[in-house]
Amino acid sequence: MQAKVGDRLSVHSHMVGMPDRMGEILEVRGADGAPPYIVRFDDGHESLVFPGPDWVVQRH
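The sections below set out a description of the structure shown in this document.

The rules behind these values
Residues numbered from 1 in each chain as written. Predicted model: local features only at pLDDT ≥ 70, side-chain atom pairs only at ≥ 80, totals over all residues. Heavy atoms only, no water. Helix = DSSP H or I, 4+ residues; strand = E, 2+ residues; numbered from the N terminus. Rg over C-alpha atoms; globule rule 2.2 N^0.38 Å. Buried < 20%, exposed > 50% of the residue type's maximum accessible area, 1.4 Å probe, protein only. Contact = heavy atoms within 4.5 Å. Areas by Shrake-Rupley, 256 points an atom, 1.4 Å probe, with all protein chains shown as cover. Salt bridge = Lys/Arg side-chain N within 4 Å of Asp/Glu carboxyl O.

Side note on the overall build of the protein
Next, step 1: Per the secondary structure count, the protein includes zero helices and five strands.
Next, step 2: For the protein, the α and β elements follow one another from N to C terminus as β-β-β-β-β.
Next, step 3: Against the 2.2 N^0.38 benchmark of 10 Å for 60 residues, the protein shows a C-alpha radius of gyration of 11 Å, consistent with a compact globule.
Next, step 4: In terms of overall dimensions, the protein has a C-alpha envelope of 35 × 25 × 20 Å along the principal axes.
Next, step 5: Burial status across the protein gives 33% buried among its 60 residues.
Next, step 6: A sequence separation of at least 24 residues applies to 40% of the contacts in the protein between residues at least 6 apart.
Next, step 7: With the model as given, the accessible surface of the protein reaches about 4,000 Å², and the carbon-plus-sulfur share is 55%.

Structure representation (structure tokens):
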């Protein structure tokens, strides 16, 4: 997975009725755009994430 600051990251929910999570990548800590990323989710929560196979990068 490759990403840049400003890209959007989404993760698909695994529970029925729960919405997908979306966030903006604030910082890329891996080499050449690789994870981990600091992400600010749409609910305002910021977290260090190591995206799995159910995560999708949407280019800015």
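Picking up after the structure, the text goes on.
Thoughts on the pattern of salt bridges
Next, step 1: Inspection of every chain in the model, using the stated rule, returns four salt bridges.
Next, step 2: We note a salt bridge from E46 to R40, for which the minimum N-O separation is 3.1 Å.

A word on the side chain of S10
Next, step 1: Looking at the secondary structure, you find S10 in strand β1 (residues 8-11).
Next, step 2: Its relative accessible area of 5% is what places S10 among the buried residues.
Next, step 3: Setting aside residues up to four positions removed in sequence, S10 forms contacts with R21, M22, D54, W55, V56 and Q58.

That's the geometry; what it means functionally is another story.
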